[in-house]
Amino acid sequence: MKYKALCYLDDEQGRDAELIMPLVCFAEMYLNCKVEFAFVWNIHAIYRKKPDIVLLPNTVGSQWYFEISQYAAQQGIKVFALISEGNFRTNGTFNYWGYNTDKKYYQEYLCHWSKRTRDFLAEELPEIAEKNVVTGATGFDRYITDEFPGRKEFLKRRNLPDYKKIIGYAGWAFGKIYSDTGRMEIYGNHKEKAPARIKWMEEQMYKVEAFLRELISANPDILFILKRHPNETHPHITKESLNEMIRLQDLPNVLYVRDDEPIHELIAISDIWTGFETTTAMEAWMLGKRTVLFNPDPDFVRDKVHKGSVIARTTAEAQKLINEFYQTVDIEAFHTPDKVQIRKEVIRETIGYDDGLNHVRAGFYLRKTLIDCKKENIKLKFSFRYFKRFLGLRIGSFFYIKQLFIRLPKFKKTVWIFERHKLRNLKVLRKRKEINLRKYYSEKGLISIEDFEKFWQTTI
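The structure displayed is predicted, hence computed values, not measured ones.

Caption draft 1: Geometry of the side chain of Lys339. Mapped onto the fold, Lys339 is located in helix H12 (residues 337-351). It is Asp338 that comes nearest to the buried, bridge-free Lys339 among opposite-charge side chains, at 5.2 Å. Separated by 2.8 Å, the side chain of Lys339 and the backbone oxygen of Ser309 make a polar contact. In this structure Lys339 touches Lys307, Gly308, Ser309, Val310, Ala333 and Phe334, once residues within four positions along its chain are discounted.

Right under this line is the structure:
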């Protein structure tokens, strides 16, 4: 039997697209699935297309993903979801429900990145302990399986000079303090300590901006790629927020990137990957990059990930590391035994596995979910609320003009919807991913479903 799957995304590129796409390709190649994509705003597509199963990057990271999981489950349709932000704190300070106001998981399994988070949530919610499984972080598979465009191709596409040296910087979400929704998140996470947190964030932002400005100005022959944090602002907010990078974008050797370039391509073309505090350091390690954190005040509460990078407290220290790299093609302090060990531990504790096959592990649980799909349990109920959204999207598309909508108070919050809803480039991403995966499977001796069953027997 051919299974019909409907996969929801809020963008055609970025974190969620990258983590769900290898699973989609595997499902189509080996699990007898036909997967169709839908934009998160179009929840009515569940009623129209009547899928056997709904696929999601997560069910708690946004209001839309939660509503999709809720509506699908209420119709008797199985929901299979991954976890987009799987490196969460297990000390009791993390809100693992997110946007899930029902405080009930509607997906069949909670596909954890690591045993650490699996064990934590199984203990927190013993009534659904059996739903918690370890698959590893599927979004990190691309650093093992995929081939990325080279530096010359990237610079040509961006109409940039042929820089011989490139340093990348992953932004922190400082911009949250300048938006209502961002401050609401801070207050939700830090409660009575939120005012002090906001004050600290603003102080650090200006220090890091000054740090970057001095370093960039002192190295005119180096292109600095400054990448805005993807969760700094919500997609419906069109006004640009202040952060540690935006006032540096006009410097001649700076490329300020918002959401228009995949993070893995930026890491791949950089000589050194830097940040204030960033989990993308792990992605850089998997691509063999040296990582340096710019921390004028390094003593603050954060995850273990930072211990695997070299920390520069001053621009003089940072400059010394940069000079060392371009003289020796390495940074000695990056290879101390403690940092090497920390990086191994962080990868194991954070993303589970670094063999490029986390999506195949997730595929084991997806196959179990598909086998349990029963069409007779599906009882589709028309939702006028979601039909109205769908109709508004269809009608609005005929009249949408970005420069007009962005100036109208009641319409500017919909710009992100009309800009993204067609998910135009997913076909290109799917095709590229499939080619890379077929090649990688062949290298690993994974050709038939029987080969994957043997793999599952040794890893699940």
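Don't stop here, the text continues.
Caption draft 2: Layout of the side chain of Thr59. Position of Thr59 among the secondary structure elements: in the loop between strand E3 (53-56) and helix H3 (63-74). If sequence neighbours within four positions are ignored, Thr59 has contacts with Tyr65, Phe66, Ser69, Ala81, Tyr105 and Gln107.

Caption draft 3: Layout of the nonpolar core. Counting residues in each nonpolar core, the largest one holds 70 residues, and the members touching the most others are Tyr8, Ile46, Leu55, Ile68, Phe80, Leu366 and Tyr441. For Ile68, the residues in contact, after removing those within four places along its chain, are Tyr8, Val40, Ile43, Ile46, Val54 and Leu56. Residues Phe154, Trp200, Met201 and Phe300 belong to the second largest nonpolar core, which totals 67 residues.

Caption draft 4: Inspection of the sheet that holds strand E11 (residues 290-294) at higher detail. Spatial strand order, E9-E8-E7-E10-E11-E12: six strands in an open sheet with parallel pairing. The open sheet is flanked by strand E9 (254-257) and strand E12 (310-312), the only strands paired with a single partner. When strand polarity is set aside, the average angle formed by the axes of neighbouring strands in this sheet is 25°. Bridging between strand E8 (residues 222-227) and E9 involves four bridges; their strand directions are parallel. Pairing of Leu226 across the sheet is with Tyr256, part of E9. The strands touched by helix H11 (residues 315-328) within the sheet are strand E7 (165-170), E8, strand E10 (272-275), E11 and E12, with E12 carrying the most contacts at an inclination of about 135°.

Caption draft 5: Up close: the packing of helix H8 (residues 194-218) against H11. Interhelical geometry of H8 versus H11 gives an angle of 40° and a closest axis separation of 10 Å. As summarised for this structure, H8 and H11 are arranged oblique, according to the angle between their axes. Relative to H11, H8 is oriented so that their crossing is right-handed. Facing Phe211, Glu214, Leu215 and Ala218 of H8, the residues of H11 in contact are Thr315, Ala318, Gln319 and Ile322. Of the residues that constitute the contact of H8 with H11, the class distribution is five nonpolar, two polar and one charged.

Caption draft 6: Just the pattern of salt bridges, in detail. Going through the model one piece at a time under the given rule, you end up with 34 salt bridges. Put simply, Arg302 and Glu277 hold a salt bridge, and the shortest N to O gap is 3.0 Å. Here Glu277 lies in the loop between E10 and helix H10 (280-286) and Arg302 lies in the loop between E11 and E12, a separation of 25 residues in the sequence. Since its relative accessible area comes to 16%, Arg302 is described here as buried. In this structure, Glu434 and Arg438 form a salt bridge, with 3.2 Å as the shortest nitrogen-oxygen distance. Linking Glu434 with Arg438, this pair stays in helix H17 (residues 426-443), spanning four residues, or about one helical turn. The exposure class of Arg438 is partly exposed, given its relative accessible area of 44%. Taken together, the shared-partner salt bridges in this structure form one network comprising Glu18, Arg142, Asp146, Glu283 and Lys433.

Caption draft 7: Up close: a nonpolar patch on the surface. On the surface, a nonpolar cluster with roughly 470 Å² of combined accessible area is contributed by Leu391, Ile395, Phe398 and Phe399. Along the chain, Ile395 turns up in helix H14 (residues 384-399). Judged by relative accessible area, Ile395 falls into the partly exposed class, the value being 44%.

Caption draft 8: Unusual backbone geometry, seen in detail. Not every positive phi belongs to a glycine, and Asn159 is a case in point at roughly 55°. With respect to the helices, strands and loops of the structure, Asn159 is situated in the loop between helix H6 (151-157) and E7. At Leu423, a position not held by glycine, the phi torsion is positive, near 45°. Within the secondary structure, Leu423 is located in the loop between helix H16 (415-420) and H17. Looking at Leu423, the relative accessible area reads 9%, which means it is buried.

Caption draft 9: Quick peek at the packing of aromatic side chains. Taken as a whole and assessed by the stated rule, the structure comprises 39 aromatic pairs. Ring geometry for Tyr109 against Tyr365: centres 5.1 Å apart, planes inclined by 55°, an arrangement best described as tilted. In this pair, Tyr109 is assigned in the loop between strand E4 (78-81) and strand E5 (110-112) and Tyr365 in helix H13 (residues 358-371), connecting sequence segments 256 residues apart. Taken individually, Tyr109 and Tyr365 each receive the classification buried, so the pair is uniform in this respect. Three or more aromatic residues joined by ring pairs form one cluster here, namely Phe26, Tyr30, Tyr109, Phe364, Tyr365, Tyr441, Phe452 and Trp456.

Caption draft 10: Spotlight on the packing of helix H7 (residues 180-190) against H8. Running from N to C, H7 and H8 cross one another at 125°; their axes reach a closest spacing of 9 Å. When the interaxial angle is binned, H7 and H8 end up oblique. Pair H7 / H8 crosses with right-handed handedness. Residues Arg183, Ile186, Tyr187 and His190 of H7 lie in contact with H8, whose contacting residues are Ala194, Pro195, Arg197, Ile198 and Met201. In terms of residue class, the contact of H7 with H8 is made up of six nonpolar, one polar and two charged.

Caption draft 11: Spatial organisation of the environment of Glu376. Structurally, the position occupied by Glu376 is in the loop between H13 and H14. Measuring from C-alpha to C-alpha, the distance between Glu376 and Gly76 comes to 8.7 Å, with 300 residues separating the pair along the chain.

Caption draft 12: Layout of the pairing of E3. Across the two faces of E3 the burial is the same, with Ile53 and Leu55 and Val54 and Leu56 all buried. Bridge analysis of strand E1 (residues 3-9) against E3 gives three bridges, and the strand direction is parallel. Pairing of Leu6 across the sheet is with Val54, part of E3. In this sheet, E4 lies alongside E3 in parallel orientation, the contact comprising four bridges. Counterpart to Leu56 in the pairing with E4 is Ala81.

Cut-off values and rules
- Residues numbered from 1 in each chain as written.
- Predicted model: local features only at pLDDT ≥ 70, side-chain atom pairs only at ≥ 80, totals over all residues.
- Heavy atoms only, no water.
- Helix = DSSP H or I, 4+ residues; strand = E, 2+ residues; numbered from the N terminus.
- Buried < 20%, exposed > 50% of the residue type's maximum accessible area, 1.4 Å probe, protein only.
- Lys, Arg positive; Asp, Glu negative; His and termini not counted.
- Salt bridge = Lys/Arg side-chain N within 4 Å of Asp/Glu carboxyl O.
- Polar contact = N/O pair within 3.5 Å; in protein donor to acceptor, adjacent residues only side chain to side chain.
- Contact = heavy atoms within 4.5 Å.
- Core = buried A, V, L, I, M, F, W, Y, C linked by side-chain atoms within 4.5 Å.
- Pairing = 2+ DSSP bridges.
- Axes fitted to C-alpha atoms, helices over the stretch in contact; angles between N-to-C directions.
- Parallel < 35°, antiparallel > 145°, perpendicular 65-115°, else oblique.
- Left-handed = near helix turned anticlockwise from the far one by under 90°.
- Nonpolar A, V, L, I, M, F, W, Y, C, P; charged D, E, K, R; others polar.
- Patch = residues over 30% accessible without salt bridge, like charges linked within 9 Å, V, L, I, M, F, W, Y side chains within 5 Å.
- Areas by Shrake-Rupley, 256 points an atom, 1.4 Å probe, with all protein chains shown as cover.
- Phe/Tyr/Trp six-rings, centres within 6.5 Å; stacked < 30°, edge-to-face > 60°.

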